[in-house]
Amino acid sequence: MSELTQTEQDSLTGAPQGRSAETQEQGAAPAPARLSAIFPSYARYDLSLVKGKGSWVWDDQGNKYLDFMCGLAVTSLGHAPEKVGEKLKAQIDTLWHVSNLFHIPGQERVAALLTGNSCADQVFFCNSGAEANEAAIKLARRYHQKVKGADCYEVITFEQSFHGRTLATLTATGQAKVKEGFLPLPAGFKTVPLHDLEALKAAITEHTAAIMLEMVLAEGGVLEVQQEFLDAVVALCKEHGLLLIVDEVQTGMGRTGKLFAHQHYGIEPDIFTLAKGVASGFPAGVMLGKGYLREAFSPGSHASTFGGTPLSAAVMEATIETMLEDKLPERAAEMGDYLSGLLREKLADTPFVKEIRGKGLLIGIECKEPVAEIVLAGQKRGLLFVQAGPNVIRLLPNLYVTTAEIDQAVDILSELIHTYANTANGEVSS
Ligand SMILES: *Cc1c(COP(=O)(O)O)cnc(C)c1O
């Protein structure tokens, strides 16, 4: 990609064409304070990104960044993917929205693609990860209230998990910070430590309807679930007649090197959920379930105005088709091996780095100290990445990322980490 021309920069910053910002008249009114009319619920970086193509994004000053966060695992096909854009534009000229009171052929095609490539048989369309998990919890409750009775409604989740920000999904989330100030929380949730089988067994009662977990706890620090533990969870579900819900909102859609992360483990969840990578940045969520859960929902029992509209379905269909045609899960596995191998090679010498882990192109670098300053320093060097908890650097490049881009990102990251390790407190620099 070439740098932006001055005209492009001007059109992005709103500066009059043909002259740069510096040549504007003196005494112009100061720019209004940013975000004044927006609730301050986000800690935002001091950057406004205004254009993207492939692995690259540009800010409103025309600076270019290599994007290794992808809107938090959302733009997995890169920014403004052409094939998806073409389908979106064609659908814009055809039909945007009709109610779910009508058949929507695009939904049927997306459902066929998803069920044809997974263990699921049924899908429900919504607009976000939280809503997909909310639908999963509702389906589990409805199913068990029919099968085991009205007293069976509880969902067991794990510490450090993240399942969303609605009242039910933040209650399911195993992190205190998302619950602050929102009491009382809905009843029917229990959280136990990850990989603590005894605690899990002790938490199961006649009220338990489901166990819900991520295959890689992404927000919680890129923690991979151990095969042995997951096998035990599956066995407990079988023994007690519980539903297994896998939250694939971040791990799904090729990110980890398989289309769905649970496929690494050879298990079949009863229910799993998707959102982030499923529509290239168009808001969409999906809850998928096994055929025997079908009748738990009946007409009127759950709904979403914007779930799977013709526009949303067209973007999902194009995204999933592209992902399958271009074998992006396999590519994520390959590039993930290359990226984590290179990180291990370049960072092996610094005790500042404790562990490099993850699956495919969902990679965490656990450090001995908080990494917030490294993230900011990365932005100054033209590389975007995020944290997963205070001490973990999380890398989420798009699934078309090239080895050259990986080399470039690792060079910057390695330099930043070495510099930081040598200046941080002195004690970790040995
Ligand atoms: C992001 C995320 C969610 C919430 O998705 P939203 O679209 O923000 O509601 C839920 N679960 C996991 C694992 C996530 O990463």
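Please read these numbers as outputs of a predicted model, since none were measured by experiment.

A closer look at the sheet that holds strand E11 (residues 271–274)
Okay, step 1: Read across the open sheet, the seven strands follow the order E4-E12-E11-E10-E7-E5-E6; overall the sheet is mixed. The open sheet has two edge strands, strand E4 (122–126) and strand E6 (189–192), and neither has a second partner. Neighbour-to-neighbour, the strand axes of the sheet open up by a mean angle of 20 degrees, direction not taken into account.
Okay, step 2: Taken together, the five bridges between E4 and strand E12 (residues 285–289) define a ladder with antiparallel strand orientation. The residue of E12 that forms the bridge with Gln-122 is Gly-289.

A short note on the site of the ligand
Okay, step 1: Taken together, Ser-128, Gly-129, Ala-130, Asn-133, Phe-162, His-163, Gly-164, Glu-214, Asp-247, Val-249, Gln-250 and Lys-276 form the complete shell of residues around the ligand.
Okay, step 2: A distance of 2.6 Å separates an oxygen atom of the ligand from a polar atom in the side chain of Lys-276.
Okay, step 3: Considering the ligand on its own, with 380 Å² of exposed area, one finds that the protein chains cover 81% of that surface.
Okay, step 4: Per-element tally for the shell around the ligand: the top contributor is helix H5 (residues 129–147), with three residues.
Okay, step 5: Split by residue class, the shell around the ligand holds three nonpolar, six polar and three charged.

Quick look at the UniProt feature "binding site: pyridoxal 5'-phosphate" (unreviewed entry) in the protein chain
Okay, step 1: Here the UniProt-annotated "binding site: pyridoxal 5'-phosphate" (unreviewed entry) positions come out as Gly-129, Ala-130, Phe-162, Asp-247, Glu-248, Val-249, Gln-250 and Thr-305. A maximum C-alpha distance of 25.1 Å is found for the annotated residues, which run over 177 residues; spatially they are spread out rather than grouped. Of the annotated set, the members that line the second largest pocket are Thr-305.
Okay, step 2: Classification of Gly-129 by relative accessible area gives buried; the value is 13%.
Okay, step 3: With sequence-adjacent residues up to four places away left out, Gly-129 is seen in contact with Val-249 and Ala-275.
Okay, step 4: Overall, the relative accessible area of 55% leaves Thr-305 in the exposed class.
Okay, step 5: Excluding residues that lie within four positions of it along the chain, Thr-305 makes contacts with His-97 and Asn-100.

Some thoughts on the pairing of strand E2 (residues 56–59)
Okay, step 1: Of the two faces of E2, the one holding Trp-56 and Trp-58 and the one holding Val-57 and Asp-59 are both buried throughout.
Okay, step 2: Turn length for the strand E1 (residues 49–53)-E2 hairpin, with the two strands adjacent in sequence and antiparallel, is two residues, and the turn residue Gly-54 shows positive phi of about 60 degrees.
Okay, step 3: Sheet analysis places E2 next to strand E3 (residues 64–67), joined by three bridges and oriented antiparallel. Paired with Trp-58 across the two strands is Lys-64, which belongs to E3.

Some points on the domain arrangement of the protein chain
Okay, step 1: The domains assigned to the protein chain are domain 1 (44–74 + 328–422) and domain 2 (82–325).
Okay, step 2: Computed over C-alpha atoms only, the centres of domain 1 and domain 2 are separated by 27 Å.
Okay, step 3: In this assembly, 27 residues from domain 1 lie in contact with 25 residues from domain 2.
Okay, step 4: Note on domain 1 versus domain 2: buried area summed over both sides is about 2,000 Å², and carbon and sulfur give 57% of it.
Okay, step 5: Where domain 1 touches domain 2, the interface holds three salt bridges.
Okay, step 6: With its nearest N and O atoms 3.4 Å apart, the salt bridge here joins Lys-53 to Glu-82.
Okay, step 7: Elements supplying a minimum of two residues to the side of domain 1 that touches domain 2: helix H2 (70–73), helix H10 (328–347), strand E13 (353–359), strand E14 (362–367) and strand E17 (392–395).

Describing the pattern of salt bridges
Okay, step 1: One pass over the structure, following the stated rule, counts 16 salt bridges.
Okay, step 2: The partner of Lys-83 in a salt bridge is Glu-325, and the shortest N-O contact between them spans 3.6 Å. Of this pair, Lys-83 sits in helix H3 (residues 82–92) while Glu-325 sits in helix H9 (residues 310–325), and the two are 242 residues apart along the sequence.
Okay, step 3: Relative accessible area serves as the criterion here: at 54%, Glu-325 is assigned to the exposed category.
Okay, step 4: Here the residues in one salt-bridge network are Lys-354, Glu-355, Arg-357 and Glu-366, joined through shared partners.

Topic: the side chain of Glu-317
Okay, step 1: Along the chain, Glu-317 turns up in helix H9.
Okay, step 2: In contact with Glu-317, not counting residues within four places along its chain, are Arg-109, Val-110 and Leu-113.

Thoughts on the environment of Leu-101
Okay, step 1: By secondary structure assignment, the location of Leu-101 is in the loop between H3 and helix H4 (105–116).
Okay, step 2: Residue classification places Leu-101 among the exposed residues on the basis of a relative accessible area of 75%.
Okay, step 3: Along the backbone, Leu-101 and Ala-303 are 202 residues apart, and their C-alpha atoms lie at a distance of 9.9 Å.

Details of unusual backbone geometry
A negative phi angle characterises most non-glycine residues, just as the trans form characterises most peptide bonds.
Okay, step 1: For the peptide bond that leads from Leu-183 to Pro-184, omega is -5 degrees, which places it in the cis range.
Okay, step 2: In this structure, Pro-184 sits in the loop between helix H6 (167–172) and E6.
Okay, step 3: For Cys-70, which is not glycine, the phi dihedral falls at a positive 50 degrees.
Okay, step 4: In this structure, Val-222 takes a positive phi of about 55 degrees despite not being glycine.
Okay, step 5: Within the secondary structure, Val-222 sits in the loop between strand E8 (216–217) and strand E9 (223–224).

Quick word on the layout of surface pockets
Okay, step 1: Estimated volume of the second largest pocket: approximately 1,100 Å³.
Okay, step 2: Contributing to the lining of the second largest pocket are 35 residues, with Gln-107, Val-123, Phe-124, Phe-125 and His-302 lying nearest its centre.
Okay, step 3: Residue assignment for the lining of the second largest pocket shows that the elements contributing at least two residues are H4, E4 and E12.
Okay, step 4: Counting residues per element, the lining of the second largest pocket draws most heavily on H4, at five residues.
Okay, step 5: For the lining of the second largest pocket, a count of residues per class yields 15 nonpolar, 15 polar and five charged.

Focus on the UniProt feature "modified residue: N6-(pyridoxal phosphate)lysine" (unreviewed entry) in the protein chain
Okay, step 1: Those residues carrying the UniProt feature "modified residue: N6-(pyridoxal phosphate)lysine" (unreviewed entry) are Lys-276 in this numbering.
Okay, step 2: With respect to the helices, strands and loops of the structure, Lys-276 is situated in the loop between E11 and E12.
Okay, step 3: Apart from the residues lying within four places of it in its own chain, the contact partners of Lys-276 are Leu-72, Ala-73, Val-74, Glu-219, Val-249 and Gln-250.

Cut-offs applied
- Here, residues in each chain are numbered from 1, in the same order as that chain's written sequence.
- Only residues with pLDDT of at least 70 are given local features in this predicted model, and only at 80 or more are side-chain atom pairs given and counted; all residues enter the totals for whole chains, interfaces and linings.
- Computation of side-chain values: all heavy atoms of the structure, hydrogens and water removed.
- In this description, strands pair whenever DSSP reports at least two bridges between them.
- Per the convention used, a helix needs a DSSP run of H or I reaching at least four residues, while a strand needs a run of E reaching at least two, with both numbered from the N terminus.
- Structural elements are reduced to axes, namely lines fitted to C-alpha atoms, with helices fitted over the stretch in contact, and the angle between N-to-C directions of any two is expressed from 0 to 180 degrees.
- Throughout, the term near means that a residue has one or more heavy atoms lying within 4 Å of the molecule or strand in question.
- We call two N or O atoms a polar contact when they sit within 3.5 Å, provided that within protein one can donate a hydrogen and the other can accept it, with sequence-adjacent residues counted only if both atoms are side-chain atoms.
- The Shrake-Rupley method, run with a 1.4 Å probe, gives the accessible areas here. Residue values count only the displayed protein chains as cover.
- Note on residue categories: nonpolar means Ala, Val, Leu, Ile, Met, Phe, Trp, Tyr, Cys or Pro, charged means Asp, Glu, Lys or Arg, and polar means any other residue, Gly included.
- UniProt positions are given in the numbering used here, feature names are shortened, and annotations may be inferred rather than shown by experiment.
- Cavities and pockets were defined on a 1 Å grid built over protein atoms only: a cavity is a set of grid points that admits a 1.4 Å probe from which the probe cannot escape, a pocket is an open set flanked by protein on both sides within 12 Å along at least five of seven lines, and lining residues are those with an atom within 4 Å of any such point.
- Under the scheme applied here, a residue whose accessible area is under 20% of the maximum for its type counts as buried, over 50% as exposed, and between as partly exposed, the area being computed with a 1.4 Å probe on protein chains only.
- We call two residues in contact when some of their heavy atoms are within 4.5 Å.
- Where each domain starts and ends follows an automatic or database-derived domain assignment.
- When two components associate, each loses some accessible surface as probed by a 1.4 Å sphere; the sum of these losses over both components is called the buried area.
- Salt-bridge detection follows one rule: a side-chain nitrogen of Lys or Arg within 4 Å of a carboxyl oxygen of Asp or Glu.
- Grid points are joined across faces, edges and corners, and a volume is the space filled by probe spheres set on the points.

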